[in-house]
Amino acid sequence: MWNRRKHLLLSSLSLLRHISSTPLLRLHPLKPSPLLSPSNSFLPPIDSQLRNNLLDLPRCGFPRNLSSSNSCSSCWNCGAVGPTSGAFLACGSCGAVQPVDSSVDYFQIFGMKKMYEIEEGDLEGIYKDWQKKLHPDLVHSKSEKEKGFAAEQSARVIDAYRTLKNPLSRALYLLKLEQIHVDEEKTVSDPDLLMEMMEMREAVEEAKDTQSLYEIQSKVKKKLDSWSNSFKEALNKQDFDSAVNCTQRMKYYERALEEITKKL
Amino acid sequence: MLRLVGKRLVPQTQVQTLGTPTLRLRRRYHERVVDHYNNPRNVGSFDKEDPTVGTGLVGAPACGDVMKLQIKVDQHSGKIVDACFKTFGCGSAIASSSVATEWVKGKHMEEVLSIKNTEIAKHLSLPPVKLHCSMLAEDAIKAAVKDYESKKAKNGSSDASSPKVAEA
């Protein structure tokens, strides 16, 4: 009886720690008693001021931008401590899906180093492994709370997979992680760049047969690869202006490739 | 059972359309945008080297759009007598540049510099996410005028030097 209470107290404490990263979970901080009666139903909602106070609570004392943020993550269901490295999306002990921790970036989800060159072939395997644990279809017999977590985690893993798989989106994501803000509204008027793109798009439009389209496609792919390498070098040198410039060019080449694919 | 459900559904949709005749249930392109896309005005190219032609070439790197807007200017009056465009981009970008070529025709160069992207956007009922397309069109107009002026200045200076040579 006492052991059970102790176990419940421990899990309630770990639950409180997760409150700030779990918008779905609503809880009154000054009334711990509801936690001690285990139930899978929705807890009563709290007003916004209390919620703000909750968000100000110290979170295990680690800064948000630390790469491994799992030093004090533990399962809300069984209290088991999460892994010391790698993303804690589902509990290794009881299998419960964990709430989304947005401080965990996409590279951590896939257990990859935060860099532009990654093993693209490995992505699919890891993605499928995660979905075997997180997919909403697998939790339809679980609680509403866990279903909510599964929906969010699964969606986040899909986002991560798509972002990392495509070189341009991976590049832009890396810039975002470096807090480089690219002004989307800005127009460019670099005449050389624009003339090249204009001529490229005109060539695609005027191409009369698939042979010429394939020729243009291979030329554009080569340019994309070359600028992709330039991006990698610029990022390594922390030359963010050049890096942004590279991504802009890559975007234009990708658009041209999309148009070619449509025509083929 | 199905028929009953069907019958129940029909009056509901009828009420919806009757009660809210202007409700757009899905976000669509405005009919003006569709019109400009299907019947684009002034698509084409002028000779870039022509001294009466100003070429504005602008791009939006975020979406990979390219827009070329050209104006033909009457050198004596400074009026824009003709305009054409070529745009690779979304429907809103194409429509914005098409509208721009229509609006600049018959106007003086100083006048067209005051055409604002907000006017184009309002005319086409562009949603917020497509406002940058109208900005692109405004920038294209300005670039075309700037190009013409710089050409004029270059030609003007070369004309100024030749009489001296003739005198000498």
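Going by the annotation in an unreviewed UniProt entry, the name recorded for chain B is Iron-sulfur cluster assembly protein, with Rhynchospora pubera given as the source organism. Per UniProt, chain B carries the Function (unreviewed entry) text "Scaffold protein for the de novo synthesis of iron-sulfur (Fe-S) clusters within mitochondria, which is required for maturation of both mitochondrial and cytoplasmic [2Fe-2S] and [4Fe-4S] proteins."

Looking at an unreviewed UniProt entry, one finds chain A named J domain-containing protein and attributed to Rhynchospora pubera.

Some points on the pairing of strand E1 (residues 53-60) of chain B
All names here are of chain B. Of all eight residues making up E1, eight are buried, and the element is well covered by its neighbours. Pairing of E1 with strand E2 (residues 65-73), which is carried by eight bridges, proceeds in the antiparallel orientation. Among the inter-strand pairings, Gly-56 is bridged to a residue of E2, identified as Leu-69. Linking E1 back to E2 in an antiparallel pair, the connection comprises four residues, with Gly-64 at a positive phi of about 70°.

With respect to helix H7 (residues 167-177) of chain A
Residue and element names in this part refer to chain A. If you check which residues of H7 are buried, you get Leu-168, Arg-170, Ala-171, Tyr-173, Leu-174 and Leu-175. The N-capping residue of H7, defined by a side-chain oxygen 3.2 Å from the backbone nitrogen of Leu-168, is Asn-166. After H7 finishes, the residue Gln-179 shows a positive phi value of roughly 65°.

Some details on empty space enclosed by the protein
Taken as a whole and judged by the stated rule, the model has two cavities of 30 Å³ or more. Approximately 30 Å³ is the volume found for the second largest cavity. A:Met197, A:Met200, A:Arg201, A:Tyr252, A:Ala256, B:Gly64 and B:Val66 together form the lining of the second largest cavity. Listing elements by their share of the lining of the second largest cavity, those giving two or more residues are helix H8 (191-206) and helix H10 (240-263) of chain A. The leading source of residues in the lining of the second largest cavity is H8(A), at three residues.

Observations concerning the confidence of the model for chain A
Residues and elements named next belong to chain A. Of the residues in chain A, 73% have a pLDDT of 70 or more, and the chain-wide mean is 77. Ranking the elements of chain A by mean pLDDT puts helix H2 (residues 33-36) last, at 44, and helix H9 (residues 210-236) first, at 92. Taken together, the stretch residues 50-70 has pLDDT below 50 and engages in 32 contacts with residues farther than four places along the chain or on a different chain.

Some thoughts on the side chain of B:Thr52
Residue and element names in this part refer to chain B. Mapped onto the fold, Thr-52 is located in the loop between helix H2 (31-38) and E1. One polar contact links Thr-52 to Asp-50, side chain to side chain, over a distance of 2.8 Å. If we skip the residues at most four places from it in the chain, Thr-52 touches Ile-71, Lys-72, Val-73, Gln-75 and Tyr-148.

Side note on the interface of chain B and chain A
Counting residues at the interface gives 18 residues for chain B and 19 residues for chain A. Between chain B and chain A, a total of about 1,700 Å² is buried, with carbon and sulfur atoms accounting for 63% of that surface. The largest share of the area that chain B buries against chain A comes from B:Leu57, B:Pro61 and B:Phe88, three residues that together contribute 38% of it. At the junction of chain B and chain A, the tally comes to two salt bridges. The partner of B:Lys86 in a salt bridge is A:Glu202, with the nearest N and O atoms 3.1 Å apart. The tally of links between chain B and chain A comes to seven residue pairs in polar contact (both at pLDDT 80 or more). Of all the secondary-structure elements, those providing two or more residues to the side of chain B that touches chain A are E1, E2, strand E3 (80-88) and helix H6 (131-167) of chain B. Considering every element that reaches the side of chain B that touches chain A, the biggest residue donor is E1(B), with four residues.

Some thoughts on the sheet that holds E3(B)
Adjacent strands of a sheet pair through backbone hydrogen bonds, lying either parallel or antiparallel. The strand order E1-E2-E3 (chain B) describes an open sheet built from three strands, whose pairing is antiparallel. Both outer strands of the open sheet, E1 and E3 of chain B, are each paired with one neighbouring strand and no more. In this sheet, adjacent strand axes meet at a mean angle of 15° when their direction is disregarded. Across the sheet, H8(A) is in contact with E1, E2 and E3 of chain B; its angle to E3(B) comes to roughly 75°. Seen against the sheet, helix H3 (residues 91-104) of chain B touches E2 and E3 of chain B and runs at an angle of roughly 175° to E3(B).

Some remarks on unusual backbone geometry
Despite not being glycine, A:Gln238 shows a phi value in the positive range, around 60°. Tracing the backbone through its elements, the reader meets A:Gln238 in the loop between H9 and H10. For B:Ser125, which is not a glycine, the phi torsion comes out positive at approximately 50°. Here B:Ser125 lies in the loop between helix H5 (117-124) and H6.

Considerations on the pattern of salt bridges
Across all of its chains, the model carries 18 salt bridges over all chains by this definition. Its salt-bridge partner being A:Lys128, residue A:Glu124 comes within 3.0 Å of it at the nearest N-O pair. Of this pair, A:Glu124 and A:Lys128 both sit in helix H5 (residues 120-134), separated by four residues, roughly a single helical turn. Classification of A:Glu124 as partly exposed rests on a relative accessible area of 37%. With relative accessibility at 43%, the residue A:Lys128 sits in the partly exposed group. Note that B:Arg41 and B:Asp35 form a salt bridge whose closest N and O atoms lie 2.8 Å from each other. Each of A:Glu196, A:Lys223 and A:Arg249 takes part in salt bridges that share partners, so that together they form one network.

Regarding the confidence of the model for chain B
Residue and element names in this part refer to chain B. Mean pLDDT over chain B works out to 81, with 77% of the residues at or above the 70 mark. A low-confidence stretch, residues 2-20 (pLDDT under 50), is modelled with one contact involving residues beyond four sequence positions or located in other chains. Across the assembled chains, the prediction reports ipTM 0.72 with pTM 0.69.

Rules behind the numbers
Residues numbered from 1 in each chain as written. Chains lettered and ligands numbered in written order. Predicted model: local features only at pLDDT ≥ 70, side-chain atom pairs only at ≥ 80, totals over all residues. Heavy atoms only, no water. UniProt positions renumbered as here; feature names shortened; annotations may be inferred. Buried < 20%, exposed > 50% of the residue type's maximum accessible area, 1.4 Å probe, protein only. Helix = DSSP H or I, 4+ residues; strand = E, 2+ residues; numbered from the N terminus. Pairing = 2+ DSSP bridges. Polar contact = N/O pair within 3.5 Å; in protein donor to acceptor, adjacent residues only side chain to side chain. 1 Å grid on protein atoms, 1.4 Å probe; cavity = no way out; pocket = protein on both sides within 12 Å on 5 of 7 lines; lining within 4 Å. Points joined across faces, edges and corners; volume = space filled by probe spheres on them. pLDDT = per-residue confidence, 0-100. Contact = heavy atoms within 4.5 Å. Buried area = accessible area lost by both parts, 1.4 Å probe. Salt bridge = Lys/Arg side-chain N within 4 Å of Asp/Glu carboxyl O. Axes fitted to C-alpha atoms, helices over the stretch in contact; angles between N-to-C directions.

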